[in-house]
Amino acid sequence: MLPEHTGLEALLSDPSGAVIGLDYDGTLAPIVVDPASARIHPDAPGVLAELAKQVGGIVIVTGRPPGTALALGASASGPSLADVPGLVILGHYGLERWEGGRITAPPPFRGLEQVRERLPLIVSGFGDVLIEDKGQAVAVHTRTSPDPEATLEELRGPIADLAAETGLVVEPGRLVLELRPAGMDKGRALSRFLAERRARSVMFAGDDLGDLAAFDAVVAAPIPGVRVCSGSAEVTALAERADVVVDGPAGVVELLRAITQRLSGS
């Protein structure tokens, strides 16, 4: 059963004008210790493929490179993310775009080379942490550390100093600190996509601090909108701002399925 909300009602009454925006990690895929193993919820591609036939657009807005999201959204049997009709993936918070099998991206920011050289030395004294090189950004994950929260707090200062020296910004998340270029966030990326598609309603689902900017974009848009939180015990800030809270990626998929079924009349 679908929750009652004016933004959701607008989406259901005029689906051709609706844009569905989604984060990837923690929203379409569970959070795991190794980010390279964050496979998409098995039912998500199929549900998105059906929903895409009925709405104005589906966009994934993620800190991942688009190619990584596509690879993790692949399936040996059944639909993959690449099979979702008209899907757009805005990776690196909107710096890169995948659409129709093609990725467009700016040149990598020069400061990232310094980060790649110096970051291993900075984290070497903090036990088992994972450095993830995303091409347009570099992230440090502390989930593998014996005390993930304490390690994250200890690393905040040194990583903030490195970001300042290299002209980057720090994007905090669920046991992760990411160094990336400034000038783009999920809110700006979503707002531009809404304008591009001339959206008449919007729903965005996310789970982490980086998704707050997209929530703000939903509120600021001059169209009906609904904010969905993929709930977890690790991050509560989104749940406090959300219109609808569901239980993790499985809850997001069930919500999308319910919308699809309502639109198809089944």
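Our subject is the structure listed above.
Computed from a predicted structure; not experimentally measured.

Asks: I tried to follow the pairing of strand 4 (residues 96-99) on my own but got confused; where do I start?
Replies: Two faces, one strand: in a regular strand the side chains alternate between the faces of the sheet. Covered by surrounding structure in strand 4 are Glu-96 and Trp-98 only, the residues Arg-97 and Glu-99 on the alternate face being uncovered. Judged from the 4 bridges that link them, strand 3 (residues 88-91) and strand 4 form a sheet pairing that is antiparallel. Bridge pairing in strand 4 places Val-88 opposite Glu-99. Here strand 3 folds back onto strand 4 in antiparallel fashion, the turn holding 4 residues, of which His-92 has a positive phi close to 50°. Two elements, strand 4 and strand 5 (residues 102-104), share 3 bridges in a ladder whose sense is antiparallel. Bridging from a neighbouring strand, Arg-97 pairs with Thr-104 of strand 5.

Asks: For this particular structure, what's the right way to read the packing of helix 2 (residues 44-52) against helix 9 (residues 248-264)?
Replies: In helix packing, the relevant descriptors are the interaxial angle and the interaxial distance, both defined with respect to the helix axes. Relative orientation of the contacting elements helix 2 and helix 9 amounts to 30°, with a least axis distance of 9 Å. Accordingly, the angle class assigned to the pair helix 2 and helix 9 is roughly parallel. Judged by the sense of rotation from one axis to the other, the crossing of helix 2 with helix 9 is left-handed. Residues Ala-44, Val-47, Leu-48, Glu-50 and Leu-51 of helix 2 lie in contact with helix 9, whose contacting residues are Val-253, Leu-256, Arg-257, Ile-259, Thr-260 and Leu-263.

Asks: Looking at this structure, I do not really get the pattern of salt bridges. What am I missing?
Replies: Opposite charge on two side chains permits pairing when their charged atoms draw close. Counting across every chain of the model gives 23 salt bridges. The salt bridge involving Arg-118 is made with Glu-165; its shortest N-O contact spans 2.7 Å. Residue Arg-118 is found in helix 4 (residues 111-123), and its partner Glu-165 is found in helix 5 (residues 148-166); the two are separated by 47 residues along the sequence. Residues Glu-234 and Arg-174 are paired through a salt bridge, measuring 2.8 Å at the closest nitrogen-oxygen approach. Within this pair, whereas Glu-234 is found in the loop between strand 11 (225-230) and helix 8 (237-241), its partner Arg-174 is found in the loop between strand 8 (169-173) and strand 9 (176-180), the two being separated by 60 residues in sequence. For Arg-174, a relative accessible area of 12% translates into the label buried. It is possible to trace a salt-bridge network through shared partners that takes in Arg-97, Glu-99, Glu-196 and Arg-197.

Asks: In this structure, what is going on with the sheet that holds strand 8? I would like to understand it.
Replies: In sheet architecture, strand pairing relies on hydrogen bonds along the backbone and comes in two forms, parallel and antiparallel. Reading across the sheet, the 4 strands line up as 6-7-9-8 and stay open at both edges, with antiparallel pairing between neighbours. Strands at the two margins of the open sheet, each flanked by one partner only, are strand 6 (130-133) and strand 8. For this sheet, the mean inter-axis angle between neighbouring strands, taken without regard to orientation, is 20°. Where strand 6 and strand 7 (residues 138-141) come together, 4 bridges link them in antiparallel fashion. Each bridged residue has a counterpart across the sheet, and for Glu-132 the counterpart in strand 7 is Ala-139. Packing against the sheet, helix 4 makes contact with strand 6, strand 7 and strand 9, and its axis sits at approximately 15° to strand 7.

Asks: Would you mind going over helix 5 with me for this structure?
Replies: One turn of the α-helix equals 3.6 residues, which is why residues spaced by three or four share an orientation. Over its 19 residues, helix 5 extends 26 Å from the first C-alpha to the last, a length consistent with the 27 Å expected when each residue adds 1.5 Å. In the structure, helix 5 departs most strongly from a straight axis at Arg-156, where the bend amounts to approximately 35° and where the proline Pro-158 lies between one and four residues downstream. Residues Thr-151, Leu-152, Leu-155, Ile-159, Leu-162, Ala-163 and Thr-166 constitute the buried set of helix 5. Where helix 5 ends, the next residue or the one after it, Gly-167, has phi of about 75°, a positive value.

Reading guide: rules and limits
Residues numbered from 1 in each chain as written. Predicted model: local features only at pLDDT ≥ 70, side-chain atom pairs only at ≥ 80, totals over all residues. Heavy atoms only, no water. Buried < 20%, exposed > 50% of the residue type's maximum accessible area, 1.4 Å probe, protein only. Helix = DSSP H or I, 4+ residues; strand = E, 2+ residues; numbered from the N terminus. Pairing = 2+ DSSP bridges. Axes fitted to C-alpha atoms, helices over the stretch in contact; angles between N-to-C directions. Parallel < 35°, antiparallel > 145°, perpendicular 65-115°, else oblique. Left-handed = near helix turned anticlockwise from the far one by under 90°. Contact = heavy atoms within 4.5 Å. Salt bridge = Lys/Arg side-chain N within 4 Å of Asp/Glu carboxyl O. Expected span 1.5 Å × (residues − 1). Bend = angle between axes of the 7 residues up to and from the residue.

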